[in-house]
There are 2 protein chains.
Amino acid sequence: MAAVSLSTQRAVRWYPPAYDVRVEDVPMPCIEHPDDAIVKIKLAGLCGSDLHVYRGHEDVTSPCVCGHEFVGEVIALGDGFFVASPGRPDLYTTLKVGDRVVSPFTVSCGECHFCRAGITCRCIHSTLFGIPDLPGGQAQYVRVPKAGGTLFKLDTITSMLPPGKEPLADSSLLLLADILPTGVFAALQALQHPKVASIINGVPYPFNGFVPEGIVAPQHAQLHPEDRSLTFAVVGLGPVGVCAAVSLLEMLSEIRKKASLKFRVIAVDPNASRREKMQAVLTSISTDFDADTVTVADIPQAKDIVAHWTGAAGCNAVLEVVGNNSAISLAYELVRPFGLISSVGVHQAPQLPLTGREVYDKNVSFDFGRCPVRSMMPIAASILAKRQDVFGGIGEDASLIDRVVGLSEAVEMYEMFDKGRVGKVLFDPWR
Amino acid sequence: MAAVSLSTQRAVRWYPPAYDVRVEDVPMPCIEHPDDAIVKIKLAGLCGSDLHVYRGHEDVTSPCVCGHEFVGEVIALGDGFFVASPGRPDLYTTLKVGDRVVSPFTVSCGECHFCRAGITCRCIHSTLFGIPDLPGGQAQYVRVPKAGGTLFKLDTITSMLPPGKEPLADSSLLLLADILPTGVFAALQALQHPKVASIINGVPYPFNGFVPEGIVAPQHAQLHPEDRSLTFAVVGLGPVGVCAAVSLLEMLSEIRKKASLKFRVIAVDPNASRREKMQAVLTSISTDFDADTVTVADIPQAKDIVAHWTGAAGCNAVLEVVGNNSAISLAYELVRPFGLISSVGVHQAPQLPLTGREVYDKNVSFDFGRCPVRSMMPIAASILAKRQDVFGGIGEDASLIDRVVGLSEAVEMYEMFDKGRVGKVLFDPWR
């Protein structure tokens, strides 16, 4: 185990009941368990869900170091590393001090049934960074439990870069902690659902999916070319919504290389500045998409455009990236009969705003819940590597990241972010 | 067009506001459109959803001929038949007077986008039999609109019969109109969902489903054998629930022939007589299932057994075959994180009983709605042909059908069925 000699570090700490963060000296983290790693933070993100704690909306009652998005460098590893460990995640034998890593916003052990099945968001050891039980990443150092399962080595991405491309900046890599995998997940849930996959593969429902051969001989019916058309909406254009839209377009473009498929995507938000950001991102990537393929709209426009595009049928799938009942109701209105709502928004206490008859009468499917970030990282990393034009900038019209500041500005940034006066902020704890 | 000379026929007719059915002479149906067929009814079913109209719970305000489940023989076809019709459903050229047919409970044209995509329940011409717009099958004759798309020829099933088996009785074939396809659909939605299919195929999520090769190289990770274990619950053991459980077992057994997969199924109902029926059916087919694989339970038992079987994780999928909020709440309680609720119960006006936080925190998926019966018929017919032991009897402990009576007993049967004093009844309008 590498020795760590410092005894205190700078960190952003939240105090109950609400709206109180302070930049303080806190204890250096140390190896508490053989599977721990200590990571020296390069950059840490300020995320919309940090505001739930900031505003006192979560059941947190004691002070805690904030933040669940970070990239950094391994400076210490527990005794669980460096030993032959058949059946354990590879990183327990391959991770080294000095490796650059990103962490998902929750711990995932890689060893329980859920992690082995790829459902890392429901790891039985799942803990969110940035709560009293597990100090977060808005600091100079952080302890990562179950680190061989949780961490993702950033040098993995080097091989994914298109020839001649620069290595990715830390500010881009940080998007892998949460928002880009969550956007990928929203898109992938939609593309993989049998109701959508059937159209992609051109095989009528239900014969695209599993039907036992012992029961019915394989069917060879193919959809008419004019039926191989898909319409998607992305509801909510915060940073995760933008990631969802870009991921969806990226994957649909790949599909279209191999299959004759038409698609249309509408990106929807009532907030004009969010629509402008989305439009700027689309402009930066849209050489092969015209306005009749991908468009940005407010809510009334979206209803009209979807009706016009689909002859009033509705969208095959709606990606809901907001997390409230207005968004669910809008998604229901926009989705077609036998369509899917892929909901990754973080929902709160209200009862769902739909009746049983409404969901029965429209044959609606829903996939709700948290992204299994660790499982999505290879896909998200690949999209990140291909799309530096979208995910590489800072402070430009089309950038997802607004600015990078030192921890000394954290109090001001939380206040501004809470009031919507600043976009996504990253902290460089060494600035 | 074959001529039909009779001018009146006997039929069961419902009168508003409620609890009033009469057996009357009503006009003979006739060809009203070139795509119509007239079918002479052999048997018609009395279905639980007939009670919605009977009790006055639907918005029906004028008298109508009841019934949406029937088998019979084609006695007349419109001019849309017998002509070369490229691109139209095959039956427009192959169906003949004298053919034995079954109809789904709704019209499906076979020609709109939804029908071509296999989503026959959302046909743009969808109409339910047994409402004022479309007289039902509890009669001697019925008009079937869009008959080349809607009807299913019963001789198709002859080739599916195991060697040496008797042809199927009309009372078995009638189950194809609604309840067996709906049971198959409930099971198939569960087996095809990516969250379940991943375990069946032994490939960790999300790499069992579609991930563009242009984005990430195919992954070759395989699930550990001990992770290839699935637990299902069937909530609601009316006739459709029994069909769902049998269909699920049939398909899981086929899967197990090719893949090393463990599975467990629990069938749940608070009603003792329904549990006894389910148990009798299981006993008739269960030579290869022990009590630790398939079991029948009331609600408190089900919670305990699922917790015991799964180490408190819950079921991978719950088939909800009731259609009320108690059933949805129970399904939510029984399903595991990242699991699926396949809901085919016909739901009514109440708001869904779950909060956004509950569905987010458990990563729950839902597939709601009506079965695309016409698309499911080939699969349902195959299961019917293999399982005459289950679907062949009348009035026995393990029979889904309680009795066959003449139309003259219809008034009494509606009353008894409404009060739960009789099981599934079929009408023979020539008795």
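Residues numbered from 1 in each chain as written. Chains lettered and ligands numbered in written order. Predicted model: local features only at pLDDT ≥ 70, side-chain atom pairs only at ≥ 80, totals over all residues. Heavy atoms only, no water.

### Remarks on the sheet that holds strand β12 (residues 315–320) of chain B
- Pairing within the open sheet is mixed, and its twelve strands lie in the order β11(A)-β10(A)-β9(A)-β12(A)-β13(A)-β14(A)-β14(B)-β13(B)-β12(B)-β9(B)-β10(B)-β11(B). At either end of the open sheet lies a strand with only one pairing partner, and these are β11 (294–297) of chain A together with β11 (294–297) of chain B. Ignoring strand direction, the axes of neighbouring strands in this sheet form an average angle of 15 degrees.
- Alignment of strand β9 (residues 229–235) of chain B against β12(B), held across four bridges, turns out to be parallel. Of the residues in β12(B), the one forming a bridge with Val235(B) is Glu320(B).
- Contacting β13 (335–343) of chain A together with β9, β12, β13 (335–343) and β14 (365–368) of chain B, helix α6 (residues 179–192) of chain B runs over the sheet at an angle of about 150 degrees to β13(B). (Pairing = 2+ DSSP bridges. Helix = DSSP H or I, 4+ residues; strand = E, 2+ residues; numbered from the N terminus. Axes fitted to C-alpha atoms, helices over the stretch in contact; angles between N-to-C directions. Contact = heavy atoms within 4.5 Å.)

### Topic: the interface of chain A and chain B
- Counting residues at the interface gives 77 residues for chain A, matched by 77 residues for chain B.
- Both faces considered, chain A and chain B share a buried interface measuring about 6700 Å² in area, 60% of it formed by carbon and sulfur atoms.
- At the boundary of chain A and chain B, one finds two salt bridges.
- One can count 31 residue pairs in polar contact (both at pLDDT 80 or more) joining chain A with chain B.
- Among the elements of the structure, α3 (113–116), α6 (179–192), α7 (194–201), α8 (239–258), β13, α12 (356–361), β14 (365–368) and α13 (373–386) of chain A are those that each provide at least two residues to the side of chain A that touches chain B. (Buried area = accessible area lost by both parts, 1.4 Å probe. Salt bridge = Lys/Arg side-chain N within 4 Å of Asp/Glu carboxyl O. Polar contact = N/O pair within 3.5 Å; in protein donor to acceptor, adjacent residues only side chain to side chain.)

### With respect to the domain arrangement of chain A
Residues and elements named next belong to chain A.
- Looking at the assigned domains, one finds that chain A contains domain 1 (8–177 + 372–428) and domain 2 (181–368).
- Placing the centre of domain 1 and that of domain 2 at their C-alpha centroids yields a distance of 29 Å.
- Summed over both sides, the interface of domain 1 with domain 2 buries roughly 1700 Å², with 72% coming from carbon and sulfur.
- Area buried by domain 1 at its contact with domain 2 is led by Met376, Ile383 and Leu400, which between them contribute 27% of it.
- If you look at where domain 1 meets domain 2, you find three salt bridges.
- Here glutamate 250 ties to lysine 386 by a salt bridge, and the two come within 3.6 Å at their closest N and O atoms.
- On inspection of domain 1 and its partner domain 2, the count reaches five residue pairs in polar contact (both at pLDDT 80 or more). (Domains from an automatic or database assignment.)

### Here we look at the relation of the copies chain A and chain B
- It takes a turn of 180 degrees to lay chain A on chain B, together with a shift of 0.0 Å along the axis; the resulting RMSD is 0.0 Å. What we have between these two chains is a two-fold relation. When C-alpha distances to the rotation axis are compared across chain A, the minimum falls at Phe366(A), with a value of 2.5 Å.
- A share of 100% of interface residues in chain A that are also interface residues in chain B marks the association as one of identical surfaces. (Least-squares fit on C-alpha atoms with pLDDT ≥ 70 in both.)

### What to know about the state of the cysteines
- For the structure on display, the rule yields zero disulfides over all chains.
- Free cysteine Cys243(A): the closest other cysteine sulfur is in Cys47(A), separated by 11 Å.
- Of all cysteine sulfurs in the structure, the one in Cys64(B) sits closest to Cys30(B), which takes part in no disulfide; the separation is 18 Å. (Disulfide = S-S within 2.5 Å.)

### Let's talk about the packing of α6(A) against α7(A)
Residue and element names in this part refer to chain A.
- In contact at an axis separation of 5 Å, α6 and α7 are set at 70 degrees when each is read in the N-to-C sense. With respect to α7, the element α6 is oriented roughly perpendicular. Seen from α6, the contacting residues are Ala190, Leu191 and Gln192; seen from α7, they are Pro194, Val196, Ala197 and Ile200.
- Partitioned by chemical class, the residues of the contact of α6 with α7 number six nonpolar, one polar and no charged. (Parallel < 35°, antiparallel > 145°, perpendicular 65-115°, else oblique. Nonpolar A, V, L, I, M, F, W, Y, C, P; charged D, E, K, R; others polar.)

### Notes on the packing of aromatic side chains
- Inspection of the entire model under this criterion finds 22 aromatic pairs over all chains.
- Judged by centre distance (5.3 Å) and plane angle (75 degrees), the rings of Tyr19(A) and Tyr54(A) are edge-to-face. On the criterion of sequence distance, the pair formed by Tyr19(A) in the loop between β1 (8–14) and β2 (21–27) and Tyr54(A) in helix α1 (residues 50–54) is long-range, its members being 35 residues apart.
- On the accessibility criterion, Tyr54(A) (4% relative accessible area) is buried.
- Measuring from centroid to centroid gives 6.2 Å for Phe368(A) and Phe366(B), while their planes differ by 85 degrees, and the two rings are edge-to-face. Highlighted residues: Phe368(A) in strand β14 and Phe366(B) in strand β14, drawn from two different chains.
- Grouped by ring-pair contacts, the aromatic residues Phe366(A), Phe368(A), Phe366(B) and Phe368(B) constitute a single cluster.
- Here the guanidinium or amino end of Arg22(B) rests over the ring plane of Tyr15(B), the centre of that ring lying 3.6 Å away.
- If you follow Lys40(B) out to its NZ or CZ, it ends over the ring of Trp430(B), 4.8 Å from the centre. (Phe/Tyr/Trp six-rings, centres within 6.5 Å; stacked < 30°, edge-to-face > 60°. Buried < 20%, exposed > 50% of the residue type's maximum accessible area, 1.4 Å probe, protein only. Lys NZ or Arg CZ within 6 Å of the ring centre and 35° of its normal.)

### Some remarks on helix α15 (residues 410–418) of chain B
Residues and elements named next belong to chain B.
- What α15 keeps buried is the set Ala410, Met413, Tyr414, Met416, Phe417 and Asp418.
- Tucked inside the fold, the buried residues of α15 contact β1 (8–14), β2 (21–27), β3 (37–46), α1 (50–54), β15 (401–406) and β16 (424–428).
- Positive backbone phi, approximately 75 degrees, marks glycine 420, located one or two places after α15.

### Examining the pairing of β1(B)
Residues and elements named next belong to chain B.
- Sheet analysis places β1 next to β2, joined by seven bridges and oriented antiparallel. Each bridged residue has a counterpart across the sheet, and for arginine 10 the counterpart in β2 is aspartate 25.
- Linking β1 back to β2 in an antiparallel pair, the connection comprises six residues, with tyrosine 19 at a positive phi of about 55 degrees.
- Relative to strand β4 (residues 64–65), β1 is paired through two bridges, and the arrangement is antiparallel. Residue pairing across strands places arginine 13 opposite valine 65, the latter belonging to β4.

### Some details on the environment of Phe427(A)
Residues and elements named next belong to chain A.
- With respect to the helices, strands and loops of the structure, phenylalanine 427 is situated in strand β16 (residues 424–428).
- Along the backbone, phenylalanine 427 and alanine 410 are 17 residues apart, and their C-alpha atoms lie at a distance of 7.7 Å.
- Contact partners of phenylalanine 427, with chain neighbours within four places excluded, come to Lys42, Leu43, Ala44, Leu46, Gln138, Val405, Gly406, Leu407, Ala410, Met413 and Tyr414.

### Comments concerning the sheet that holds β1(A)
Residues and elements named next belong to chain A.
- Spatially, β2-β1-β4 is the arrangement adopted by the three strands of the open sheet, whose pairing is antiparallel. The two strands at the open ends of the sheet, each matched to only one other strand, are β2 and β4 (64–65).
- Of the strands in this sheet, β1 and β2 are in contact with helix α15 (residues 410–418), which crosses β2 at around 140 degrees.

### Quick notes on helix α9 (residues 272–285) of chain B
- With 14 residues, α9(B) ought to run about 20 Å at 1.5 Å a step, and its terminal C-alpha atoms sit 20 Å apart, in line with that.
- Looking at the buried residues of α9(B), the elements they touch are α8 (239–258), β10 (262–268), β11 and α14 (388–391) of chain B. (Expected span 1.5 Å × (residues − 1).)

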